[in-house]
Amino acid sequence: RSHCRTKTSSSLAAVAEVMTKRELIVLFPFLVSDKEQGLSDPDEDVRSQMQQAGLKMLEVHGQDSMELLHPMLQNQLNKPDTGTWQNDLLKEGTVILLDTLAKFLPKGDPKVKEVLDRLFYALGTPSESVQRSASTAMSPLVPMLDNPEQVKVMIADMMHMLLEGETYGDRRGAAFGLAGLVKGLGISALKAHDVMPTLQAAAGDKKQAHRRQGALFGFECLSERLGRLFEPYVIHILPILLTSCSDADDGVREAGEAASKSVMAQLSGQGVKLVMPALLQGVEDSAWKTKKAAIDLLGSMAYCAPRQLGTCLPTIVPVMAEAVSDSKAQVRDAAKTALNQVGSVIKNPEILAIAKVIINSLSDPDLTAKAL
């Protein structure tokens, strides 16, 4: 049956150019139906084909059929979340279609704000794939607003939800939303709207763990969306990442680890050189929690691009090798984990074959002779 549905979706894409407006009105609702068909089809290949068919229809007819299609997509996003996987798939696909349709709007058109409002609403869906899609869709639309006051309010709303949202999903969605807005406006938006000082202050809030967690979500998503453009800010948030990895709250620690991985994955060779001294200094700290956090971050170097990782291995491996014999068990365990993280991304087949033996010998001196 899925084979038949795949052929149907291919046919829809093929006839899109010759489709009349009347036929479009009949066929398009099939794509955005919540009856396990179209964008919510159980088969991944069929869903992909249906998505492509919808995009093709919008490419050909979007501008002429705006008044018909725009309300249809908005109404679908306005429906309450049912918490099912079909609903998540449908919302994710609808977000992509709505974003594509909105690109036909002229700058300053009131419908741009309407679409952004629907995307903000979609951020509340407790599904990371839906939140990511909504964030990506926002970026090209924000510059089309042509209204600085509206932009200011939207960023303020996102910041409030990020730091004060009642649920994990609310804060997580707001982090994606904030990153999508900043990506669309440009890196200067961080300074223009006091984003970083606000997040840094929240990350230092010792009384409210949800604010610390929200700030770390913000750092993670901003790093992911902005890439190397976010690098100048890394050195300023490094102390926060170090502190978060040893936070008393489980949710904050997890958010700190995720933010660290995201930040490290984006670093250039220059960025690695920038953060390395601070991390090495952290390993030498007398407080074992700071030492452990610095080792955790050194382990996150494994998420750097291979070339960046290669440049820092000769520096970080001896440091971690020394830490595996630390007097504090938590530091020893962190060093062993960090060594395994780094060892897991080694590409050289000869070294990879003996990496486990080497790491074990660094952790246990009695195995040194065997390793040699």
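To keep things clear, this report deals only with the structure shown in the data block. (Residues numbered from 1 in each chain as written. Predicted model: local features only at pLDDT ≥ 70, side-chain atom pairs only at ≥ 80, totals over all residues. Heavy atoms only, no water.)

1. Focus on the layout of surface pockets
Gaps left between atoms are located by rolling a probe of water-molecule size over the structure's atoms.
Then step 1. Quantified by volume, the largest pocket comes out at close to 310 Å³.
Then step 2. The set of elements that each furnish at least two residues to the lining of the largest pocket consists of α11 (195-203), α12 (209-226) and α13 (231-244).
Then step 3. Broken down by element, the residue count for the lining of the largest pocket peaks at five residues, all from α13.
Then step 4. Within the lining of the largest pocket, the residues separate by chemical class into seven nonpolar, six polar and four charged. (1 Å grid on protein atoms, 1.4 Å probe; cavity = no way out; pocket = protein on both sides within 12 Å on 5 of 7 lines; lining within 4 Å. Points joined across faces, edges and corners; volume = space filled by probe spheres on them. Helix = DSSP H or I, 4+ residues; strand = E, 2+ residues; numbered from the N terminus. Nonpolar A, V, L, I, M, F, W, Y, C, P; charged D, E, K, R; others polar.)

2. Description of the packing of aromatic side chains
Then step 1. Evaluated as defined, the whole model comprises two aromatic pairs.
Then step 2. When the ring of Tyr 168 is compared with that of Phe 217, the centres are 5.3 Å apart and the planes differ by 85 degrees; the resulting orientation is edge-to-face. Placement of the pair is Tyr 168 in helix α9 (residues 168-185) and Phe 217 in helix α12, with a sequence separation of 49 residues.
Then step 3. Taking the relative accessible area as the measure of exposure, Phe 217 reaches 3% and is therefore buried.
Then step 4. Ring geometry for Phe 230 and Tyr 233: centres 5.8 Å apart, planes at 25 degrees, overall stacked.
Then step 5. On the accessibility criterion, Phe 230 (0% relative accessible area) is buried.
Then step 6. For Tyr 233, a relative accessible area of 21% translates into the label partly exposed.
Then step 7. In this structure, Arg 172 is placed above the aromatic ring of Phe 217, and the distance from its NZ or CZ to the ring centre is 4.9 Å. (Phe/Tyr/Trp six-rings, centres within 6.5 Å; stacked < 30°, edge-to-face > 60°. Buried < 20%, exposed > 50% of the residue type's maximum accessible area, 1.4 Å probe, protein only. Lys NZ or Arg CZ within 6 Å of the ring centre and 35° of its normal.)

3. Focus: the pattern of salt bridges
Then step 1. Enumeration over the complete set of coordinates arrives at 14 salt bridges.
Then step 2. One salt bridge connects Lys 113 with Asp 117, and the closest N-O pair in it is separated by 2.8 Å. Residue Lys 113 and its partner Asp 117 are located together in helix α6 (residues 110-122), separated by four residues, close to a single helical turn.
Then step 3. When salt bridges with common partners are traced through the structure, they connect Glu 128, Arg 132, Arg 172, Glu 220 and Glu 224 into a single cluster. (Salt bridge = Lys/Arg side-chain N within 4 Å of Asp/Glu carboxyl O.)

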